[in-house]
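# Topology and contacts: notes
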Amino acid sequence: MTLFGLKVIANVFRFPFELDQIWSQMGEVGARSLPLVAASGLALGVVMTLHTRSTLVTFGASSMIPELQSLSFFVEIGPLVAALLVSGRVGASIGAVLANMRATEQIDAIEALSIDSFKFLVVPRVVACVLVMPLLTTFMDFCGLLGGFVSEYAMSHLSLQLYVTRAFTGVEWSNFIPPTLKTAVFGFIIGTVSSFFGYSTNEGAEGIGRAATSSVVVSSLLIILADVILVKIIFLVFPESAI
Amino acid sequence: MNETQDTAIALDHVSKSFGKKQVLRDVSFSVARGEAICVLGRSGTGKSVTLKLMIALLKPDAGRISIDEDDITQLERKELSRVRRKMGFLFQSAALFDSLTLHDNLALPLRRLTDKSKQEIEVIIDHVLGQVGLADDKGKMPVELSGGMQKRAGLARALVFEPQILLIDEPSSGLDRITASEIDDLLLEQKTKHHTTMVIVTHDVHCARRVGDRFAVLDQGRLAALGTPQELEHHENETVRMLVGES
Ligand SMILES: Nc1ncnc2c1ncn2[C@@H]1O[C@H](COP(=O)(O)OP(=O)(O)O)[C@@H](O)[C@H]1O
Ligand SMILES: [Mg+2]
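Being a predicted model, the structure only gives us computed values, none of them experimental.

### Comments concerning the UniProt feature "domain: ABC transporter" (unreviewed entry) in chain B
Here the UniProt feature "domain: ABC transporter" (unreviewed entry) sits at residues 9–245 of chain B. Here residues 9–245 of chain B runs as 39% helix and 26% strand, with 26 Å between its end C-alpha atoms.

Right, here's the structure in full:
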């Protein structure tokens, strides 16, 4: 699988660049994940605020709720949850689609037409995941804030303006940019792992379900592992981002 | 005449196994330029595997496979692409791209591998689809086509580059007699008009006799017989006689 990942990287910058394919895969990844990410972001936003509220109110610190909400979403909840959702939705579908193409000889057919199937099928999917992940994460963050605001408004009728001001007072760019960009790595994991299982399967029709399942399980695990490492690295490089 | 110049495809002591299962054992034969060879044999004897070896979708465990002057078992990916460009392949399963319309199935290779204009591509697509009788089905998705139509669509896709070599896996399985004989006509036309070298895997002796110059009979992974239909009718191997004889 490591070799497979290296091969992806080696092939990204080789002509032809497959821009059409990348563009259409970005559309696929985005369209498949957007509703899921939006709904989860809103729901998590509401729930998070319910939790922080019950704690902070006892300390008389309810004005901190928006800030806590934005920090927790920007720094960890947004990136990690978005990545896990995408790995479930997109990872499974990439695994199944490629495994199906393998089982029905469509990948062989591409090769027989003297098209490089790896460059044509795998590389654009990985690149699309890398590019779309940070966008989806940002979207998740804002859905989380929106959910938080709705929940807070229901409780205390806090105005949107005040909510936004409070949400962003204690937040630095370094709380937002590095954690969001780290999701590009998650995207790489999702694209590479699921393409690997789909593209390399050799078990015919039964392999399709297995490829989908393995894609999700392995990419979710690797995402969480990578998160640990990336958080460490971000703290090293941007000490001020530690909350 | 020089023999190598006249040989389009040559298998030289080719063996192939999958895991413990040996599929092809020491198979050697060659196909001359412009010749049509029909490969006959019972199901599961390795006919499809033989075709896939010829376009390097599979690698043999032993032996050499040459297309014109190139030993394709040794080629780098770029060189291999060059060789494959002269070949057309019809898969037994047709293997159409199921996310693309019939039109786009044919347009994809043309758009990617040639610098032909949009209009030129449309002309080619209309032409080959007309040849296989699917001119009215351009906009359909593969799932909307019957098995026989998928087969013909696969054949159309194999023809878009006007290949010098056609490798065809069971062109008429799942087709009615009339359509099957139309496909035979098309193959025959490829041979006489374009002098296309062909290897055709088929169970249809009728088709084999019309189109094939020689028959290669595979039995349990070995080349059991090779020769003209007349020569093979009195072959000592009973399987060969049964496969070749007109039922
Ligand atoms: N990719 C593969 N992996 C494992 N076994 C295979 C593969 N392709 C073919 N086989 C096996 O090789 C044998 C010959 O297959 P094939 O060439 O498709 O037969 P046929 O003569 O009917 O076309 C079969 O037993 C098949 O199971
Ligand atoms: Mg077969």
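More follows now that the structure is in view.
### A closer look at the sheet that holds strand 5 (residues 70–71) of chain B
All names here are of chain B. One open sheet holds the 4 strands; their spatial order is 2-1-4-5, and the pairing between them is antiparallel. Edge strands, defined here as strands with exactly one partner in the open sheet, are strand 2 (21–32) and strand 5. Bridging between strand 1 (residues 7–18) and strand 2 involves 8 bridges; their strand directions are antiparallel. Bridge pairing links Val14 to Val27 in strand 2. Packed on one face of the sheet, helix 2 (residues 47–54) meets strand 1, strand 2 and strand 4 (62–67) and runs near 120° to strand 1.

### Digging into the side chain of Arg53 of chain A
Assignment of secondary structure puts Arg53 of chain A in helix 2 (residues 19–58). A residue is classified by how much of its surface remains accessible, and Arg53 of chain A, at 16% relative accessible area, is buried.

### With respect to the environment of Phe120 of chain A
Considering the arrangement of structural elements, one finds Phe120 of chain A in helix 5 (residues 117–156). Each C-alpha atom of the pair Phe120 of chain A and Gln21 of chain A lies 7.4 Å from the other, and the pair is 99 residues apart in sequence.

### Some points on the pattern of salt bridges
Enumeration according to the criterion identifies 24 salt bridges over all chains in this entry. In this structure, the salt-bridge partner of Glu203 of chain A is Arg210 of chain A, at a minimum N-O distance of 2.2 Å. According to the relative accessible area criterion, Glu203 of chain A is partly exposed, its value standing at 36%. Between Lys140 of chain B and Asp137 of chain B there is a salt bridge whose closest N-O contact spans 2.8 Å.

Cut-off values and rules
Residues numbered from 1 in each chain as written. Chains lettered and ligands numbered in written order. Predicted model: local features only at pLDDT ≥ 70, side-chain atom pairs only at ≥ 80, totals over all residues. Heavy atoms only, no water. UniProt positions renumbered as here; feature names shortened; annotations may be inferred. Helix = DSSP H or I, 4+ residues; strand = E, 2+ residues; numbered from the N terminus. Pairing = 2+ DSSP bridges. Contact = heavy atoms within 4.5 Å. Axes fitted to C-alpha atoms, helices over the stretch in contact; angles between N-to-C directions. Buried < 20%, exposed > 50% of the residue type's maximum accessible area, 1.4 Å probe, protein only. Salt bridge = Lys/Arg side-chain N within 4 Å of Asp/Glu carboxyl O.

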